Amino acid sequence: MRAILFGGGLALLVSLLGTRVAIKQFTRLGYGQEIRDDGPTSHHTKRGTPTMGGVVIILATVIGYFGAKLFTQDMPTASALLLLFLLVGTGLVGFLDDFIKISKQRSLGLRSKAKMIGLTVVALVFGALSLSPWLEDDRGQTPASKHLSFIRDIGWITLPTVVVLLLIWLIIAATSNGVNLTDGLDGLATGASVMVFGAYMFVNIWQNNQWCGQTGLDQVNLCYEVRDPLDLAVVAAAITGACFGFLWWNASPAAIFMGDTGSLALGGALAGLAILTRTELLLIILGGLFVLETVSVMLQVSTFKVTKRLTGTGRRLFRIAPIHHHFEMLGWEQVTVTIRFWIITGICVAVGLGVFYAEWVAGIG
């Protein structure tokens, strides 16, 4: 518990102070945000706001985690290092995207194919390592499993390694892009991430307290077969703290944006937590806002294509996608949209944690 508190607190401090330094440096270097021309006109005033603030979130998380390890004199675990690899790896893809936007002075960075190739490489390396027998603990547990999971592994479904790698890639790519789509209003993605990563911190703490390696907890309905749950909680706490510190400067009116560097990194880390904690399907509930944002884009594109094919004129389901921009176009203030979407995230997190705990209580009965 000391590592969790220290790691989260240190990451918060580094992010809070580091973001202020980043704002000055990025402004001096001219690392300003480009705005999409087809977006709400109210966003044009944001052109030139420093971006790539996700670099600070990543650095604060890494410093917070390793600072906690030094504080407690514990060795890093395989699961935590894999999660940090995923955070940094997906963040690097986002950094390349942001850097191209800045250097080319355009709102589009990496081509979608190049971005997907980058995410695929990171996801497959993460998947291969997390399933590797080299990383088994003394109970034979690898960081990831070959079972589909909801709140714990669904034991009767064992998947081939190729299928597992495909699912890991899908979860990472979908979650990264989901957070990326949500990052369109000041503080929206950052605030939502605080709640979801905070929820995973509590999930990891609970899993550690009910870990199957403990004496007397080897009943399948009561314990969790998760490798290194407490250390995953330290990483989750560090990310939560880093997002809190960044939110101080990212809240409306934002003095800095996280950019794709931050949104892809946070999405990748969120997917990694779901995979490593055996809660892949639970992520759909906890990260309900990110699912909503992604589905709104999918529905918008599908509706336009289908109606254009049938009638010759494409029609849109929303005024603009992702859905948070739709409510802006309806006349909602940006702050109103952000706060109400935070409320939606809070409800999703409450429901997800409720389902997680209820399953354990049901196992007792």
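Residues numbered from 1 in each chain as written. Predicted model: local features only at pLDDT ≥ 70, side-chain atom pairs only at ≥ 80, totals over all residues. Heavy atoms only, no water.

Each helix and strand counted, the protein has 12 helices and two strands in total. The order of α-helices and β-strands along the protein, N terminus first, is α-α-α-α-β-β-α-α-α-α-α-α-α-α. Scaling as 2.2 N^0.38, a compact globule of 365 residues should have a C-alpha radius of gyration of about 21 Å, and the protein matches this with 20 Å. Across its three principal axes, the protein shows a C-alpha extent of roughly 60 × 50 × 35 Å. Residue burial in the protein is summarised as follows: out of 365 residues, 52% are buried. A fraction of 75% describes how many contacts in the protein between residues 6 or more apart in sequence connect residues 24 or more apart. Summing over all exposed atoms, the protein offers an accessible surface of approximately 16,400 Å²; the carbon and sulfur share of this is 68%. (Helix = DSSP H or I, 4+ residues; strand = E, 2+ residues; numbered from the N terminus. Rg over C-alpha atoms; globule rule 2.2 N^0.38 Å. Buried < 20%, exposed > 50% of the residue type's maximum accessible area, 1.4 Å probe, protein only. Contact = heavy atoms within 4.5 Å. Areas by Shrake-Rupley, 256 points an atom, 1.4 Å probe, with all protein chains shown as cover.)

The tally for this structure, following the rule as stated, stands at one disulfide. Between the sulfur atoms of Cys212 and its disulfide partner Cys223 the distance amounts to 2.0 Å. Linking Cys212 and Cys223, the disulfide has an S-S dihedral of approximately 90° and is accordingly described as right-handed. Residue Cys212 is located in the loop between α6 (188-209) and α7 (229-250), and its partner Cys223 is located in the loop between α6 and α7; the two are separated by 11 residues in the primary sequence. Classification of Cys212 by relative accessible area gives buried; the value is 3%. For Cys223, a relative accessible area of 3% corresponds to the buried category. (Disulfide = S-S within 2.5 Å.)

With an omega of -5°, the peptide bond running from Ser252 to Pro253 counts as cis. Residue position: Pro253 is located in the loop between α7 and α8 (259-276). Here Ala321 and Pro322 are connected by a cis peptide whose omega angle stands at 0°. Examined against the element boundaries, Pro322 turns out to sit in the loop between α10 (288-311) and α11 (323-329).

What follows is about the pattern of salt bridges. The full count for this structure, using the stated rule, is nine salt bridges. Note that Arg152 and Glu359 form a salt bridge whose closest N and O atoms lie 2.9 Å from each other. Here the residue Arg152 occupies a position in the loop between β1 (147-149) and β2 (153-158), and Glu359 occupies one in helix α12 (residues 334-364), the gap between them amounting to 207 residues. When its relative accessible area of 25% is taken as the criterion, Glu359 is described as partly exposed. We note a salt bridge from Asp153 to Arg278, for which the minimum N-O separation is 3.6 Å. (Salt bridge = Lys/Arg side-chain N within 4 Å of Asp/Glu carboxyl O.)

Right, let's get into the pairing of β2. Along any regular strand the residues' side chains alternate between the sheet's two faces. Taking burial as the measure, the six residues of β2 include zero buried ones, a minor fraction of the element. The sheet contact formed by β1 and β2 spans two bridges and is antiparallel. Counterpart to Ser149 in the pairing with β2 is Asp153. With antiparallel pairing between neighbouring strands as the criterion, β1 and β2 make up a hairpin whose turn holds three residues. (Pairing = 2+ DSSP bridges.)

This structure, assessed with the given rule, holds nine aromatic pairs. Ring centres of Tyr65 and Phe66 lie 5.1 Å apart, and the angle between their planes is 80°; on these two criteria the pair is classed as edge-to-face. Of the residues examined, Tyr65 reaches a relative accessible area of 0% and is grouped as buried. For Phe66, a relative accessible area of 34% gives the class partly exposed. Among the aromatic side chains, those forming a connected cluster through ring pairs are Trp206, Tyr357 and Trp360. Looking at Arg139, its charged tip hangs above the ring of Trp211, at a distance of 5.7 Å from the centre. Taking NZ or CZ as reference, Arg340 lies 4.7 Å from the ring centre of Trp332, over its face. (Phe/Tyr/Trp six-rings, centres within 6.5 Å; stacked < 30°, edge-to-face > 60°. Lys NZ or Arg CZ within 6 Å of the ring centre and 35° of its normal.)

Take the nonpolar core next. As a rule of thumb, soluble globular proteins bury nonpolar side chains together. Formed by 86 residues in total, the largest nonpolar core has its most connected members in Phe126, Ile172, Tyr200 and Leu266. Ignoring anything within four residues of it in the chain, the contact list for Ile172 reads Leu86, Thr90, Ala123, Phe126, Ala271 and Ile275. (Core = buried A, V, L, I, M, F, W, Y, C linked by side-chain atoms within 4.5 Å.)

With that settled, consider the side chain of Thr61. As for its placement among the helices and strands, Thr61 is situated in helix α2 (residues 54-72). When residues no more than four places from it in sequence are discounted, the contact partners of Thr61 are Leu84, Leu87, Val235, Ala238, Ile239 and Ala242.

The next point concerns the environment of Thr77. Residue placement: Thr77 occurs in the loop between α2 and α3 (78-104). Under the relative-accessibility criterion, Thr77 is labelled buried at 18%. Each C-alpha atom, one on Thr77 and one on Leu232, is 8.7 Å from the other, the two residues being 155 residues apart in sequence. Setting aside residues up to four positions removed in sequence, Thr77 forms contacts with Tyr65, Asp228 and Asp231.

The next thing to look at is the packing of α3 against α8. Orientation of α3 relative to α8, taken along the N-to-C sense of each, is 155°, at an axis distance of 7 Å. On the basis of their axis angle, the class for α3 and α8 is roughly antiparallel. Classified by chirality, the crossing of α8 by α3 is right-handed. Taken together, the residues of α8 that come into contact with α3 (itself represented by Ser79, Leu83, Leu86, Leu87, Thr90, Gly91, Val93, Gly94, Phe95, Asp97, Asp98 and Lys101) are Gly259, Asp260, Thr261, Leu264, Ala265, Leu266, Gly268, Ala269, Gly272, Leu273 and Leu276. Tallied by class, the residues present in the contact of α3 with α8 amount to 11 nonpolar, eight polar and four charged. (Axes fitted to C-alpha atoms, helices over the stretch in contact; angles between N-to-C directions. Parallel < 35°, antiparallel > 145°, perpendicular 65-115°, else oblique. Left-handed = near helix turned anticlockwise from the far one by under 90°. Nonpolar A, V, L, I, M, F, W, Y, C, P; charged D, E, K, R; others polar.)

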